[in-house]
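What follows is each chain in one-letter form.
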Amino acid sequence: GESVGLHLPTLSVQEGDNSIINCAYSNSASDYFIWYKQESGKGPQFIIDIRSNMDKRQGQRVTVLLNKTVKHLSLQIAATQPGDSAVYFCAETGGATNKLIFGTGTLLAVQP
Amino acid sequence: DAGITQSPRYKITETGRQVTLMCHQTWSHSYMFWYRQDLGHGLRLIYYSAAADITDKGEVPDGYVVSRSKTENFPLTLESATRSQTSVYFCASSESAGQASGNTIYFGEGSWLTVV
């Protein structure tokens, strides 16, 4: 499930490695999911999205995987670069509401 | 270039004071949102608006007031600021409801508010 502690989950990777950031969503009725990247001191920035009728979607260096059976979403970043260092949020929406519900985020730290 | 701007970017105020955070977007997006971001809670929706003169509560609306007299502006007012309202506030806009058309929500740069 989502972490609600006071410390942000952190993923530390070496430059050039692939990164996988995971997210467990809460609402089985959610049908649209988005990954955001937030750099220090800035607002969240859209990365990639996926609808519930898909289980995989690819972008430039990023891939989102959706497993509706276990309500799990992941973001894969290929050949991680220092510029990828940021907090990554998943968000879900759908069902009876049009509001986005955000996860608590994961800090990706890329080591040179 | 079109965009979404927030002001002020940084504000320190005293407990009990009224504070208004401004949000302006140039896309003519129908939907606008206010979120607050606190460590351990991610982004939580305060209020949102589907169009001018239409607003609705989000997850954490208590202590906040919004208005939407014009499509492009969506000010957020803390009527009597409290220390628990110290946070980073993000305004966002979207062309339509998120799941209806797949449009994403675009965020402003944030307003850092400290209540002392």
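Calculation rules
- Residues numbered from 1 in each chain as written.
- Chains lettered and ligands numbered in written order.
- Predicted model: local features only at pLDDT ≥ 70, side-chain atom pairs only at ≥ 80, totals over all residues.
- Heavy atoms only, no water.
- Helix = DSSP H or I, 4+ residues; strand = E, 2+ residues; numbered from the N terminus.
- Rg over C-alpha atoms; globule rule 2.2 N^0.38 Å.
- Areas by Shrake-Rupley, 256 points an atom, 1.4 Å probe, with all protein chains shown as cover.
- Disulfide = S-S within 2.5 Å.
- Buried < 20%, exposed > 50% of the residue type's maximum accessible area, 1.4 Å probe, protein only.
- Pairing = 2+ DSSP bridges.

Chemist: How do you make sense of the overall build of chain B when you look at a structure like this?
Modeler: A tally of regular secondary structure across chain B gives 1 helix and 11 strands. Going residue by residue from the N terminus, the α and β elements of chain B occur as β-β-β-β-β-β-β-β-β-α-β-β. Since a compact globule built from 116 residues should have a radius of gyration of about 13 Å, the 13 Å found for chain B is in line with a globular shape. Summed over all atoms, the accessible surface of chain B reaches about 5300 Å², with 47% contributed by carbon and sulfur.

Chemist: Before we go on, may I ask you to explain the state of the cysteines in this structure?
Modeler: Here, the word disulfide means a covalent bond between the sulfur atoms of two cysteines. Residues and elements named next belong to chain A. The full count for this structure, using the stated rule, is 2 disulfides over all chains. Here C23 connects covalently by a disulfide to C90, the sulfurs 1.7 Å from one another. Remark: C90 occurs in strand β8 (residues 86-94) and C23 occurs in strand β2 (residues 19-24); sequence separation between them is 67 residues. C90 sits in the buried class, given a relative accessible area of 7%.

Chemist: I'm lost on the pairing of strand β6 (residues 62-67) of chain A in this one. Help?
Modeler: Working note: regular strand, side chains alternate between the two faces of the sheet. Residue and element names in this part refer to chain A. Judged from the 3 bridges that link them, strand β5 (residues 56-58) and β6 form a sheet pairing that is antiparallel. Across the sheet, K56 pairs through a bridge with L65, a residue of β6. In this structure, β6 lies alongside strand β7 (residues 72-77), joined through 6 bridges in antiparallel fashion. Across the sheet, residue T63 finds its bridge partner in β7, namely Q76. Between β6 and the antiparallel strand that follows it, β7, lie 4 residues; K71 among them carries a positive phi value of about 55°.

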